[in-house]
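Letter by letter, the chains look like this.
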Amino acid sequence: MQKKIAYAGYFIIITVVFLYYLFPGDAVTAYINYKINNMSPDVRISISGLQPDFPPGVKLLGPDLLYRNQPVAGADLIRIKPAYFSLFSGNKTFFVNGDIYTGNLDSVIRLADFSTNPAFDAEATFANIQISQIPILEQFQSYQIAGIASGQLLFDNKEVKAGKGNAQILVTDATVEFTPALFGLEQLTFKSINTDFEISGQRVVVKKFDVDSRDVSASASGSIILRTPVNKSTINIRGEFKPHPAFIKQLGNLFPVEMLSRRQTASGGLPFRITGSLEQPNFALR
């Protein structure tokens, strides 16, 4: 009996080893890109390697998401595992998690089927993401953003073909460097940026945009119309900010203090508006 168990264990180990080393990673990668291209010819996934995982699943090594051949996002490692019983039902469920920009991602994706344009919904949470490493943000030449992001995202395409959802994102220890300087300011540092978005097709509604820092606190809302490329997206944001004493002194070198006082609201804030594009935003005191 012990010999039978030993032989069975030996064959299982040998089978797993052969499956691991003979896993057709290139063929599977090509198939994934083929299916994604069928859904959208503009979207492609680049994977440096693909391996089987245990329990049964796959590991994507160095995956990058490209839109019209421009890198949008990526990860060091992504693991995909199915909810096994769901594979025999109408809705397929997959668990996707991994290491992304020194942080981590945990998500669940539910597909109605494996057709060309399947209905789906996704839930994702992420933490400790270094946003300065996200490729899409490198498209913004007039400013560079850094910070640590955490949050959650819900998204589906069941009612709106292009998809709809919402996201809550908190960015801490954030900095924005301006090139060239904005009103003489080369950099702003923020303790936190707390945001709440609604997404419907190409329209993003900014429900909340709250900023807290040593220099200034602010709140705003508005909308963004997504364009291609994303840095051409148009923005219309309104809000007010409250400069702290040291920052008021700094602003006093740029604007007459009397003018700032006249523009203050009843709550002591200064109303502002941001228009233009994500690439070249226009900031103005209202």
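As the structure is a computational prediction, the values presented were derived from the model and not from experiment.

1. Concerning the overall build of the chain
Moving on, step 1. Broken down by element type, the chain carries four helices and 17 strands.
Moving on, step 2. Looking at the chain residue by residue over its 286 residues, the buried ones come to 34%.
Moving on, step 3. A separation of at least 24 residues holds for 41% of the contacts in the chain among residues at least 6 apart in sequence.

2. A short note on the pattern of salt bridges
Moving on, step 1. Enumeration according to the criterion identifies seven salt bridges in this entry.
Moving on, step 2. Taking the shortest distance from any N to any O, the salt bridge between aspartate 121 and arginine 110 comes out at 2.8 Å. One end of the pair, aspartate 121, is in strand β9 (residues 120–130); the other, arginine 110, is in strand β8 (residues 103–111), with 11 residues separating them in the sequence.
Moving on, step 3. According to the relative accessible area criterion, aspartate 121 is buried, its value standing at 15%.

3. Side note on the packing of aromatic side chains
Moving on, step 1. Going through the model one piece at a time under the given rule, you end up with five aromatic pairs.
Moving on, step 2. Between phenylalanine 241 and phenylalanine 283, the ring centres sit 6.4 Å apart and the planes meet at 50°, which makes this aromatic pair tilted. Taken together, the residues phenylalanine 241 in strand β15 (residues 234–243) and phenylalanine 283 in strand β17 (residues 281–285) connect sequence positions 42 residues apart.
Moving on, step 3. What makes phenylalanine 241 buried here is its relative accessible area of 9%.
Moving on, step 4. A relative accessible area of 27% means that phenylalanine 283 is categorised as partly exposed.
Moving on, step 5. Here the aromatic rings of phenylalanine 272 and phenylalanine 283 are separated by 5.4 Å at their centres, their planes lie at 25°, and the arrangement is stacked. Note that phenylalanine 272 is positioned in strand β16 (residues 270–276) and phenylalanine 283 in strand β17, a separation of 11 residues in sequence.
Moving on, step 6. The buried category is assigned to phenylalanine 272, whose relative accessible area is 7%.

4. A closer look at the environment of leucine 61
Moving on, step 1. One can find leucine 61 in strand β3 (residues 57–61).
Moving on, step 2. Sequence separation between leucine 61 and isoleucine 78 is 17 residues; the distance between their C-alpha atoms is 6.7 Å.
Moving on, step 3. For leucine 61, the residues in contact, after removing those within four places along its chain, are Ile47, Ser48, Gly49, Gln51, Asp76 and Leu77.

5. So, the nonpolar core
Moving on, step 1. Grouped together as the largest cluster of nonpolar side chains are 42 residues, with contacts concentrated most on Ile129 and Phe190.
Moving on, step 2. Top contributing element to this core by residue count: strand β12 (residues 185–200), with five residues.
Moving on, step 3. Excluding residues that lie within four positions of it along the chain, phenylalanine 190 makes contacts with Asp173, Ala174, Val176, Val211, Asp212, Ser213 and Val216.

6. Considering unusual backbone geometry
Across the chain, the bulk of peptide bonds are trans and the bulk of non-glycine residues have phi less than zero.
Moving on, step 1. A positive phi angle, close to 65°, is found at threonine 102, a residue other than glycine.
Moving on, step 2. Topologically, threonine 102 is positioned in the loop between β7 (92–100) and β8.
Moving on, step 3. Threonine 102 sits in the exposed class, given a relative accessible area of 54%.
Moving on, step 4. The phi dihedral of aspartate 173 falls on the positive side, at around 50°, and the residue is not glycine.
Moving on, step 5. Along the chain, the position of aspartate 173 falls in strand β11 (residues 164–182).

7. Thoughts on the side chain of lysine 81
Moving on, step 1. Note on placement: lysine 81 falls in strand β6 (residues 77–82).
Moving on, step 2. Residue lysine 81 is classed as buried on the basis of its relative accessible area, which comes to 18%.
Moving on, step 3. Ignoring sequence-local partners within four residues, the contact set of lysine 81 consists of Asp53, Phe54, Pro55, Pro56, Gly57, Thr93, Phe94 and Phe95.

8. A closer look at the pairing of strand β13 (residues 203–212)
Moving on, step 1. When β12 meets β13, the two strands line up antiparallel, connected through nine bridges. Bridge pairing links isoleucine 193 to valine 211 in β13.
Moving on, step 2. The loop that links β12 with its antiparallel partner β13 comprises two residues; one of these, glycine 201, has a positive phi angle of about 60°.
Moving on, step 3. In textbook terms, the turn of a hairpin is the stretch between consecutive antiparallel strands, and for β13 and strand β14 (residues 216–225) this stretch comprises three residues.

9. Section: a nonpolar patch on the surface
Moving on, step 1. On the surface, a nonpolar cluster with roughly 350 Å² of combined accessible area is contributed by Tyr84, Leu87 and Phe88.
Moving on, step 2. By relative accessible area, leucine 87 is classed as partly exposed at 35%.

Conventions adopted
Residues numbered from 1 in each chain as written. Predicted model: local features only at pLDDT ≥ 70, side-chain atom pairs only at ≥ 80, totals over all residues. Heavy atoms only, no water. Helix = DSSP H or I, 4+ residues; strand = E, 2+ residues; numbered from the N terminus. Buried < 20%, exposed > 50% of the residue type's maximum accessible area, 1.4 Å probe, protein only. Contact = heavy atoms within 4.5 Å. Salt bridge = Lys/Arg side-chain N within 4 Å of Asp/Glu carboxyl O. Phe/Tyr/Trp six-rings, centres within 6.5 Å; stacked < 30°, edge-to-face > 60°. Core = buried A, V, L, I, M, F, W, Y, C linked by side-chain atoms within 4.5 Å. Pairing = 2+ DSSP bridges. Patch = residues over 30% accessible without salt bridge, like charges linked within 9 Å, V, L, I, M, F, W, Y side chains within 5 Å. Areas by Shrake-Rupley, 256 points an atom, 1.4 Å probe, with all protein chains shown as cover.

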